Amino acid sequence: MPGSLIIKGDEGRSVSRVDGNGYINASDDLTDSGYVLFMGNSQSNGIQVDVDKRYISLLNSKLQNLNMDYKVYAYNISADGSDFCDLVTGFTAATQEFPNSRAVVLQIGSMNWSLDKLQNCTRQRTFSKEQTGAYMVKHLSEDQKIRHMIKLYLPFPIYLKEVKMKEIKSDFHNAFWHAATEQEEVIEDPEIMGEDYEQALEEVLVFLRQNYKGQIIILELPSVSLRGGGKLENSNGIRQELFDRACKENGIVYINMYDIYNREYEARRVLPYGFSNTRLGYGHLNEEGHQMTADTLLPFLEKEAEE
Amino acid sequence: MTFISAEFLLLFSITAVLVGVCKDKKKRQLILLLASYVFYAYWDVRFLALLVLQTFISYSVALVIEGTDDCKKRKRYCAFGVAVLLGILGFFKYFNFFVSSIQNILGHEFEIWHIILPVGISFYTFQAISYMIDVYRGTTPVCREFYKVSLYISFFPQLVAGPIVRADDFLPQLERNHDIKISNVEAGVQIFMVGLLKKVVIADRLAVCVDAVFALPSEYDAASIICAVAAYSMQIYCDFSGYSDMAIGVARFFGYDLCRNFNMPYISKNPTEFWKRWHISLSLWLQNYLYISLGGNRRGIYRQYLNLMITMVLGGLWHGADWTFVLWGLMHGIALVVHKIFLKYKGKCQLSFRNEVLKKTVNIISVFATYCFVCIGWIFFRAESVGQAFVILKRIITCAGGIHYIYSFTIIYGLLLVLCHLYGVWKNNGQGMYPILKLDRFWSKVVVCVVLGLILVFSYQGDNAFVYFQF
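Calculation criteria
- Residues numbered from 1 in each chain as written.
- Chains lettered and ligands numbered in written order.
- Predicted model: local features only at pLDDT ≥ 70, side-chain atom pairs only at ≥ 80, totals over all residues.
- Helix = DSSP H or I, 4+ residues; strand = E, 2+ residues; numbered from the N terminus.
- Rg over C-alpha atoms; globule rule 2.2 N^0.38 Å.
- Buried ≥ 20, exposed ≤ 12 C-beta atoms within 10 Å, placed from the backbone.
- Contact = placed C-beta atoms within 7 Å.
- Nonpolar A, V, L, I, M, F, W, Y, C, P; charged D, E, K, R; others polar.
- Expected span 1.5 Å × (residues − 1).
- Pairing = 2+ DSSP bridges.
- Axes fitted to C-alpha atoms, helices over the stretch in contact; angles between N-to-C directions.
- Parallel < 35°, antiparallel > 145°, perpendicular 65-115°, else oblique.
- Domains from an automatic or database assignment.
- Core = buried A, V, L, I, M, F, W, Y, C linked by C-beta atoms within 7 Å.
- pLDDT = per-residue confidence, 0-100.

Student: Lay out the overall build of chain B with the relevant residues and their values.
Tutor: Scanning chain B from terminus to terminus reveals 17 helices and zero strands. Its C-alpha atoms give chain B a radius of gyration of 23 Å, near enough to 23 Å, the size a compact globule of 471 residues would have. Seen through its principal axes, chain B has C-alpha atoms that stretch 65 × 60 × 60 Å. The proportion of buried residues among the 471 residues of chain B is 42%. Taking the intrachain contacts of chain B between residues at least 6 apart in sequence as the baseline, contacts between residues at least 24 apart amount to 74%.

Right, here's the structure in full:
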């Protein structure tokens, strides 16, 4: 909710403020002039690290130091838990809410969305002012505000309902037969998608290109895992090649951070994800990860700003 | 089914109500037995047959032993019973290990069954053996009611991860009718909460760091590995003693006393003291039924050392079917022998410190040295292979570089545990204790509620089974 403070301590630690539009940014004023719109998930919100260490904030400060006649800002409208399909579904609404953007960065994480979801994501969510943060603050009923506050400040009942109850149901489901069911667990290979996947991806990228005139950058922050031998393993695999090819064909910039993360790991043994109070290599971007991401993205945005 | 699950809460509640409603001693015990069988069968009903079979063998052999006065026959029957029970344990626990060792020697793999290890088999097998040997030695009278022997072996609080209760401790308790008393309920709930705190707040949280580093130790620097080893020493202590506390708490609720299993092991000044404070029920079992059966210290000093080594190696193997556990047991066996030799020479040379400051300093150094030794042992205990254990040791010794990962909870919980231990040393003369409050006062109730709230808030919500379930 606009104006809320988010205090984070379970993964990294930081204090964030939600801006007047309902998004997590250092300031509300960033959309006053030319800006780059960042759509992504919790990685882009970056509430696990201090505000000034987040990659969007780092880019913001660097863009403002460019020796140009006008200022370019980076503005974050990410929503936790969004995958690529969610971003595409909300693409039109986002560009309508923030119509003056110079470029859009779509930040994605793991690529395990279903084919069905990909095929349907060009069906756009309609934009309405009633859904904006500023409107909600003004027009929420007391009852809705109280409900929202309970959700915000009492996460435990929500956790019990959403997570624990499901676990309990599944435990009861396997009662008296756990040893047998543990043996039968089969892991499905998510990469077996074939031509349908490639075609659906092509259609989505064509849609994005046709509906936005400015620069579109797809920024992939892949999950990586330690596999020994001083290297990181990339979990997104073959889908990245498809993305790379399809983006090139449609004039979209595709940045995959895996190579940078791996290079930094080989050189300095630093990992982009994880914190001293969680597991390194997992979870959200840490300060190193944000820095690497900002450094990689900056040349593309500088070039765009100069144009 | 673990103690921290909705299923257990349901089973426990139903059992408590039925035991509370029913006044008859036998019916109460049958209810507890039924609950124990449901508790065990919930994991996999097929293995319930194994539990019943082990109980039946123990019960029958004890009756046969009691039925004869011929010492040789009694011994033969007892040996037969022990062999059968160990044979069952060996098949389920060591068959895969045996096959993989042969495959390694032969250098090729062949298709053979994969045996699933039944939960808690090591614990209830030891209890079944304990009953037979006690009857053979005459320290426990034979029990003619099958349900009582069954309840002793399968009593659900201690069924899958101990404490390993001795027959002469538990069977006499079955002669009394246990009403659910408010004092027992209060104590039981609070002891359970202590265990819950150790498990879900400390052990499960520390597992995050331990699992990460032990999965790929070759990628982490020496400081991170040392931090992870220290975290593991706390994790295994809080996990296992936490489970024991919960078991003791649940049993106390129903009016039964289970033996203490841990007594601040990390303040031990030497390996001998460590084994008097760590997994006490297992140490006593090994001492009473293995070490003494091997001859103990009755056959000369060198035989005593050998007996100690055999006991510790087999004790290590009891923990798991892997060479890492054998080495862990061997390490502790050697340490116990070295300590015995040291004590012998200390006595001969009359080595002792009169100066109090010097004495305290030596004690502190001894505690630290023993802790370091125990931690080196934990490396073998936790490592996935002997090779990995040596990789860890090598990286520590060579101060190897790599990912720098100092887990903040290792430091926080480390300090917390040090403070708790210091409090135990100061307040209770080095003995562990449960901070049990009398709940007749308002503020005591508030404290218990606050502690419960804190446990919920700080509990780790990932998925971590009890470490000792695999044994």
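Student: Can you tell me about the overall build of chain A, naming the residues and giving the values?
Tutor: Counting its regular elements, chain A contains 13 helices and nine strands. Counting all 307 residues of chain A, 34% fall into the buried class. A separation of at least 24 residues holds for 74% of the contacts in chain A among residues at least 6 apart in sequence.

Student: So, unusual backbone geometry: which residues are in play, and what are the values?
Tutor: The phi torsion at Met264 of chain B lies on the positive side, around 50 degrees, for a residue other than glycine. Here Met264 of chain B shows up in the loop between helix 9 (222–253) and helix 10 (271–277).

Student: If you had to explain the interface of chain B and chain A to someone new, which residues and values would you point to?
Tutor: One frequently used descriptor of interface size is the decrease in accessible area upon assembly of the parts. Contacts between the two partners involve 22 residues from chain B, matched on the other side by 19 residues from chain A. For the side of chain B that touches chain A, the secondary structure elements donating two or more residues are helix 1 (6–21), helix 8 (182–215) and helix 16 (408–428) of chain B. Within the side of chain B that touches chain A, the residues separate by chemical class into 15 nonpolar, four polar and three charged.

Student: So, helix 3 (residues 48–66) of chain B: which residues are in play, and what are the values?
Tutor: For helix 3 of chain B, with 19 residues, the first-to-last C-alpha span of 27 Å sits near the 27 Å given by 1.5 Å per residue. Tucked inside the fold, the buried residues of helix 3 of chain B contact helix 2 (25–41), helix 4 (71–106), helix 5 (121–137) and helix 6 (146–154) of chain B.

Student: How would you summarise the pairing of strand 5 (residues 101–108) of chain A if you had to cite specific residues and measurements?
Tutor: All names here are of chain A. In terms of residue burial, strand 5 counts as a mostly covered element, since seven of its eight residues are buried. Where strand 3 (residues 35–39) lies against strand 5, five bridges are found, and the strand directions are parallel. Bridging across to strand 5, Leu37 finds its partner in Val104. Two elements, strand 5 and strand 6 (residues 215–220), share six bridges in a ladder whose sense is parallel. The residue of strand 6 that forms the bridge with Val104 is Ile216.

Student: Give a description of the packing of helix 5 of chain B against helix 6 of chain B that names residues and reports values.
Tutor: Residues and elements named next belong to chain B. One can describe the packing of helix 5 onto helix 6 by two numbers: an axis separation of 9 Å at closest approach and a directional angle of 135 degrees. With respect to helix 6, the axis of helix 5 lies oblique. Of helix 6, the residues touching helix 5 (which contributes Tyr124, Gln127, Ala128 and Tyr131) are Val149, Tyr152, Ile153 and Ser154.

Student: Describe the domain arrangement of chain B, and please don't skip the residues or the numbers.
Tutor: All names here are of chain B. Domain annotation for chain B reports domain 1 (6–180) and domain 2 (184–470). With centres defined by C-alpha atoms, the gap from domain 1 to domain 2 works out at 26 Å. Across the boundary between the two partners, domain 1 contributes 25 residues, which contact 24 residues of domain 2. Residue assignment for the side of domain 1 that touches domain 2 shows that the elements contributing at least two residues are helix 4 and helix 5. Its residues placed into classes, the side of domain 1 that touches domain 2 shows 15 nonpolar, seven polar and three charged.

Student: Give a description of the sheet that holds strand 9 (residues 253–256) of chain A that names residues and reports values.
Tutor: Residues and elements named next belong to chain A. A sheet is described by the order of its strands in space; here five strands give the open sequence 4-3-5-6-9, paired in parallel fashion. Only two strands of the sheet have a single neighbouring strand rather than two, namely strand 4 (73–76) and strand 9. With direction set aside, neighbouring strand axes in the sheet form an average angle of 20 degrees. Relative to strand 4, helix 2 (residues 55–64) is tilted by about 160 degrees, and along the sheet it contacts strand 3 and strand 4.

Student: Give me the lowdown on the pairing of strand 2 (residues 14–17) of chain A, citing residues and values where you can.
Tutor: Two faces belong to every sheet, and in a regular strand the side chains alternate between them. All names here are of chain A. One ladder, built from four bridges, connects strand 1 (residues 5–8) with strand 2; its direction is antiparallel. Each bridged residue has a counterpart across the sheet, and for Leu5 the counterpart in strand 2 is Arg17. Connecting strand 1 to the next strand, strand 2, in antiparallel fashion are five residues, including Gly12 with a positive phi near 65 degrees.

Student: So what's going on with the environment of Gly9 of chain A? Residues and values would help.
Tutor: Residues and elements named next belong to chain A. Within the secondary structure, Gly9 is located in the loop between strand 1 and strand 2. Residue Gly9 is classed as exposed on the basis of its 10 C-beta neighbours within 10 Å. Taking the C-alpha atoms as reference, Gly9 lies 9.8 Å from Val49; in sequence the two are 40 residues apart.

Student: Could you give an account of helix 2 of chain B, naming the residues involved and the relevant values?
Tutor: Residue and element names in this part refer to chain B. With 17 residues, helix 2 should cover 24 Å at 1.5 Å per step; its first-to-last C-alpha distance of 24 Å lies within 8% of that length. When helix 2 is considered as a whole, its buried residues turn out to be Arg28, Gln29, Ile31, Leu32, Leu33, Ala35, Ser36, Phe39 and Tyr40. In the core, the buried residues of helix 2 are packed alongside helix 1, helix 3 and helix 6.

Student: Go over the nonpolar core with me, naming the residues and quoting the values.
Tutor: Grouped burial of nonpolar side chains is what soluble globular proteins tend to show. Met132, Leu206, Ala228 and Ala231 of chain B are the most contacted members of the largest nonpolar core, which totals 185 residues. With sequence-adjacent residues up to four places away left out, Ala228 of chain B is seen in contact with Cys209, Val210, Val213 and Phe214 of chain B.

Student: I'd like a description of the confidence of the model for chain A, backed by residues and values.
Tutor: Low-pLDDT portions of the prediction should not be read for the details of their coordinates. Here chain A shows a mean pLDDT of 82. Residues at 70 or above account for 88%. Here helix 9 (residues 178–183) of chain A stands out as the least confident element of chain A, with mean pLDDT 62; strand 6 of chain A is the most confident, with 93.

Student: Describe the packing of helix 3 of chain B against helix 4 of chain B, listing the residues and the values that go with them.
Tutor: Residues and elements named next belong to chain B. Running from N to C, helix 3 and helix 4 cross one another at 175 degrees; their axes reach a closest spacing of 9 Å. With respect to their mutual orientation, helix 3 and helix 4 come out roughly antiparallel. Across from Gln54, Ile57, Ser58, Val61, Val64 and Ile65 in helix 3, the residues of helix 4 making contact are Arg74, Tyr77, Cys78, Phe80, Gly81, Val84, Leu85 and Ile88. Here the contact of helix 3 with helix 4 is composed, by residue class, of ten nonpolar, three polar and one charged.

Student: Residue-level account of the confidence of the model for chain B, with values.
Tutor: With 97% of its residues at a pLDDT of at least 70, chain B reaches an overall mean of 91. Taken together, the chains of this predicted complex give a pTM of 0.88 and an interface ipTM of 0.81.

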